[in-house]
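Coordinate analysis (summary)
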Amino acid sequence: MASPLQLVKGNGEFNANGLKEFVRSSKLENCGLRYAVVAIMGPQSSGKSTLLNHLFNTDFVEMNAAKGRRQTTQGVWLAKAVGMTPDTLVMDMEGSDGAERGEDDTKFERQSALYAIAVCDIVIINMWHHDLGRENPASRPLLKAIFEVMLRLLPERKTTLMFVIRDKSRKVPMEIVDSDLRQSLQMLWDMVPKPEEHKQSPLSAYFNVRVTSLPNYEDRREEFMEEVAELRKGFQNSTEKGGLAADRSCAVHITSFPFNIEKIWFKIAEEKDLDLPTHKIMVATYRCDQIAKEKLQSLSSDSTWQSLEQEAQNGIVEEFGKRTDAVVGKLLDEYSAESRNFDEKIRKTKQNSLTSDMWNRIQHAYSDQIKHRRDQAWETFQSKFDSCIETYHTEQDLTNLCRAALDSFHRECEDAKVPHMEWNAFEEVGSIRASKEAAGSIEESKKKLSEKLNAHVKEMRTAKLKEAGKSKPAKEIWCKLRHLSKREISKAEDAWKKGFRRYFDPTEEEMNGARESLAKHGLDTMNDELKAAAGGVLDRMMDRFLQSFNFDEYNHTRQWVWKHDIDTIVRKAKSESLGILKVLVASRWNENDAGVDNEIVEDKDCVDVDSLSPLVVEPENFLGKVKTFFKGTQTPQQRREEAMLKLSTIGRWCNVSDSDTLITPLQFKSKWESFENQIRLSISQAKTQQKEAKNRWKI
């Protein structure tokens, strides 16, 4: 019989070379897939090695009771069972809860347990009867940790878990022990967090659970040996159908076995999640969690907090933050005092969690306080806002009012704030628009503000537009007016937007409405001024005529002497005045329209404004009559009369709509006749002065 091999040393070093020699010397090369692997785990000094030696005829080192109860097996040992079919490899694992490693060093214990489940077909869990129902001696934390990591690291395969209850009692039926163990194992399985793909996997998909028992080895040795011999029969032919090692889905050929179990050990040794809490940490976690729950319950039953909570619900509570902090601080101090003997890190973590839970508990009262303070600030702002709207002249008035209301609200929130709390008052109550009762007031205020801003902006821009409407008419005046109108309307829109956004966020519909209103106002203002200009066009024509007639190109007053060609000067001055009248015939806002100055659409029922040049007639001298006689055409006077007749009989201009018409053809004729009547005196006086000057020159 080959001696057992120390497969894994106590420091975690894997004996790869020794394993290869063990397989060779044990003559396992020819067994192929017909072999089984069995391991045993359990508390230190619980008789694991003794049980394996009697069960599989191995030669593991057993504890010498005469020398005291101490660690016998270190690391993981491997031996080959004698007289077992098929070939069976047996692993003796280092016992758990050993004093040699201490309570803080349980990582190897978890590694070796997971290793046993990963590479073995059958895992024997050795337990004392009196440890049933206990947490650590029954290996519950160890199994729970192994289940969790196993689901993530290992492929799905079925392992037999055989619970061997040592020193069984005759008073407790095995049926009860079996049922209790299975229920306990199922509870552990249900508690384990599982990956998504294993959420619905039952315990039976991974483990075949068996429960058996053995009497005391020292006091009832003969009975012990008989039952071990009976138990040994169950391990014979274990790989056959229905056997303890019947699941061969993950079995590898014996030649790959050394390499396979070596890689599995390295993978488990590198897994950080196996560094789980020690017994001391688990106790600290449990007690600190229990104390935290007690303090949280104390907050709910605290009379001071109950009274404060009721006040907060009914209205504004002065110094709410300070008073709340006193209640919470007292309970946190009590937690610190009661948990001071436990692990510092666990204590602090649970304290932070308790603080967070307490904040969540008082958050609704804090929210009530912010809401009451917000409502108060809103009512104050609303009353002053309505008053300010009525007397609003500058944007600064409303800006100051809004800033004062927000500053007041912030001060109130600071009074309600609980120290060390990260809540945002505005997030607690949400947008002010969320309040239904405030929504109506907001809409009304927005309407008032919009109307006031509209009036204010229109007032600022009207003066500019009126001034533009009074500009001296010229052919290019419409291009300038279009540009000016667009610019001023754009400025008005920006001013409205800036003023409105100081207090509200305008919707797209509100923006479009304001834009249309301001644009319409701008055009209406310009049209009103142009209509007024068209009504007073006669004065403008006279001003233009007298300027051109009485002053030369150097702006010097003309002295009517013999050298002046009065008829030519009159014709030039009348042409300029006619140009003013033609410009004001119709509005030309749309630069894409044909307009009266563009190509004329032939229509016998309309007047072409550019065909009115014959209204400016030169005086008929003898030479002009002679030329007209020989050409056989109309005289200038005849052409003038024809144009005047057309103005009298046709009621519209070519390419001009009625809505764009400022001066109708009939009005045009009337104004031109009035203009000619008014300039006759100036022309007559000029000619008289020239005649007198010629007479003086002759003398």
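Reference entry: report on the structure contained in this document. (Residues numbered from 1 in each chain as written. Predicted model: local features only at pLDDT ≥ 70, side-chain atom pairs only at ≥ 80, totals over all residues. Heavy atoms only, no water.)

**Topic: the overall build of the protein**
Along its length, the protein carries 21 helices and seven strands. In the protein, the share of contacts with a sequence separation of at least 24, taken over all contacts with a separation of at least 6, comes to 77%. As presented, the protein carries roughly 37800 Å² of accessible surface, and 49% of it is formed by carbon and sulfur atoms. (Helix = DSSP H or I, 4+ residues; strand = E, 2+ residues; numbered from the N terminus. Contact = heavy atoms within 4.5 Å. Areas by Shrake-Rupley, 256 points an atom, 1.4 Å probe, with all protein chains shown as cover.)

**Considerations on helix α18 (residues 566-583)**
For α18, built from 18 residues, the straight-helix expectation of 26 Å at 1.5 Å per residue is met to within 8% by its first-to-last C-alpha distance of 26 Å. Restricting attention to buried positions, one finds in α18 the residues I566, I569, V570, A573, K574, S577, L578, I580, L581, K582 and V583. (Expected span 1.5 Å × (residues − 1). Buried < 20%, exposed > 50% of the residue type's maximum accessible area, 1.4 Å probe, protein only.)

**Quick notes on the pattern of salt bridges**
Taken as a whole and assessed by the stated rule, the structure comprises 21 salt bridges. Between R182 and D178 there is a salt bridge; the shortest N-O distance is 2.5 Å. Of the two residues, R182 and D178 are both situated in helix α5 (residues 174-191); the distance of four residues between them amounts to about one turn of the helix. R182 sits in the partly exposed class, given a relative accessible area of 38%. Across the salt bridge formed by R220 and E223, the nearest N and O atoms sit 2.9 Å from each other. (Salt bridge = Lys/Arg side-chain N within 4 Å of Asp/Glu carboxyl O.)

**A few points about the sheet that holds strand β5 (residues 122-128)**
Strand pairing within a sheet occurs via backbone hydrogen bonds; the two strands may be parallel or antiparallel. Spatially, β1-β3-β4-β2-β5-β6-β7 is the arrangement adopted by the seven strands of the open sheet, whose pairing is mixed. Edge positions in the sheet fall to β1 (5-8) and β7 (207-214), since each has one partner strand and no second. Ignoring which end each strand starts from, the neighbouring axes of this sheet average 25° apart. Packed on one face of the sheet, α5 meets β5, β6 (159-166) and β7 and runs near 145° to β7. Across the sheet, helix α6 (residues 221-233) lies against β6 and β7, angled at about 160° from β7, the strand it touches most. (Pairing = 2+ DSSP bridges. Axes fitted to C-alpha atoms, helices over the stretch in contact; angles between N-to-C directions.)

**Digging into the environment of F668**
When you line up the elements, F668 lands in helix α21 (residues 665-698). Under the relative-accessibility criterion, F668 is labelled buried at 0%. Residues F668 and M644, spaced 24 residues apart in sequence, show a C-alpha to C-alpha distance of 9.5 Å.

**A short note on helix α2 (residues 48-56)**
Within α2, eight of the nine residues are buried, leaving the element largely enclosed by the surrounding structure. Here α2 has its buried residues at K48, S49, T50, L51, L52, N53, L55 and F56. Turning to α2, the residues buried within the fold contact β2 (35-41), β4 (87-93), β5, β6, β7 and α6. Phi turns positive, to about 60°, at N57, one or two residues after α2.

**Points about the pairing of strand β3 (residues 76-80)**
Summarising the sheet, β1 and β3 pair through three bridges and their orientation is antiparallel. Bridge pairing links L5 to L78 in β3. Note: β3 against β4, five bridges, orientation antiparallel. Counterpart to A79 in the pairing with β4 is V90.

**Some points on the nonpolar core**
Ranked by size, the top nonpolar core spans 58 residues in total, and within it L7, F14, M91, Y115, M150, F163 and F207 carry the most contacts. Sort the elements by how many residues they give to this core and helix α3 (residues 107-119) lands first, with eight residues. In terms of nonpolar packing, the next biggest core, distinct from the first, is built from 32 residues, M541, L578, L584 and A586 among them. (Core = buried A, V, L, I, M, F, W, Y, C linked by side-chain atoms within 4.5 Å.)

**Remarks on the packing of aromatic side chains**
Inspection of every chain in the model, using the stated rule, returns 13 aromatic pairs. Between the aromatic rings of W653 and F668, the centroid separation amounts to 5.4 Å while the plane-to-plane angle is 75°, which identifies the pairing as edge-to-face. Separated by 15 residues along the polypeptide, W653 in the loop between α20 (636-649) and α21 and F668 in helix α21 bring together distant segments of the chain. Pairwise contacts between aromatic rings join F545, F549, W560, W672 and F675 into one cluster. Against the face of Y217 rests R221, its NZ or CZ located 4.1 Å from the ring centre. (Phe/Tyr/Trp six-rings, centres within 6.5 Å; stacked < 30°, edge-to-face > 60°. Lys NZ or Arg CZ within 6 Å of the ring centre and 35° of its normal.)

**Description of the environment of E344**
With respect to the helices and strands, the residue E344 is situated in helix α11 (residues 344-390). A residue is classified by how much of its surface remains accessible, and E344, at 42% relative accessible area, is partly exposed. Spatially, the C-alpha atom of E344 lies 9.2 Å from that of A284, the residues being 60 residues apart in sequence. A polar contact is formed between the side chain of E344 and the side chain of R347, at a distance of 2.7 Å. (Polar contact = N/O pair within 3.5 Å; in protein donor to acceptor, adjacent residues only side chain to side chain.)

**Description of the packing of helix α9 (residues 303-314) against helix α10 (residues 320-338)**
Any two packed helices are characterised by how steeply their axes cross, that is the angle between the axes, and by the distance between the axes. Put simply, α9 and α10 touch, their axes get as near as 10 Å, and they point 155° apart. Our classification of the angle between α9 and α10 gives roughly antiparallel. Handedness of the α9/α10 crossing: left-handed. Along its contact with α9, which presents T304, W305, L308, E311 and A312, the element α10 presents F320, R323, T324 and V327. In terms of residue class, the contact of α9 with α10 is made up of five nonpolar, two polar and two charged. (Parallel < 35°, antiparallel > 145°, perpendicular 65-115°, else oblique. Left-handed = near helix turned anticlockwise from the far one by under 90°. Nonpolar A, V, L, I, M, F, W, Y, C, P; charged D, E, K, R; others polar.)

**A closer look at the side chain of N216**
For N216, the position within the fold is in the loop between β7 and α6. A polar atom in the side chain of N216 sits 3.0 Å from the side chain of D167. Among the polar contacts listed, one links the side chain of N216 to the backbone nitrogen of D219, at a separation of 2.7 Å. Apart from residues lying up to four places away in sequence, N216 is in contact with D167, R221 and F224.

**With respect to unusual backbone geometry**
Across the junction of T85 and P86, the peptide omega takes the value -5°, indicating a cis bond. Mapping P86 onto the fold places it in the loop between β3 and β4.

**Quick word on the packing of α2 against α6**
At a minimum axis separation of 9 Å, α2 and α6 run at an interaxial angle of 65°. Helix-helix and strand crossings are classified by hand; for α2 and α6 the assignment is right-handed. In contact with L51, H54, L55 and F56 of α2, α6 contributes F224, M225, V228, L231 and R232. Considered class by class, the residues forming the contact of α2 with α6 number seven nonpolar, one polar and one charged.

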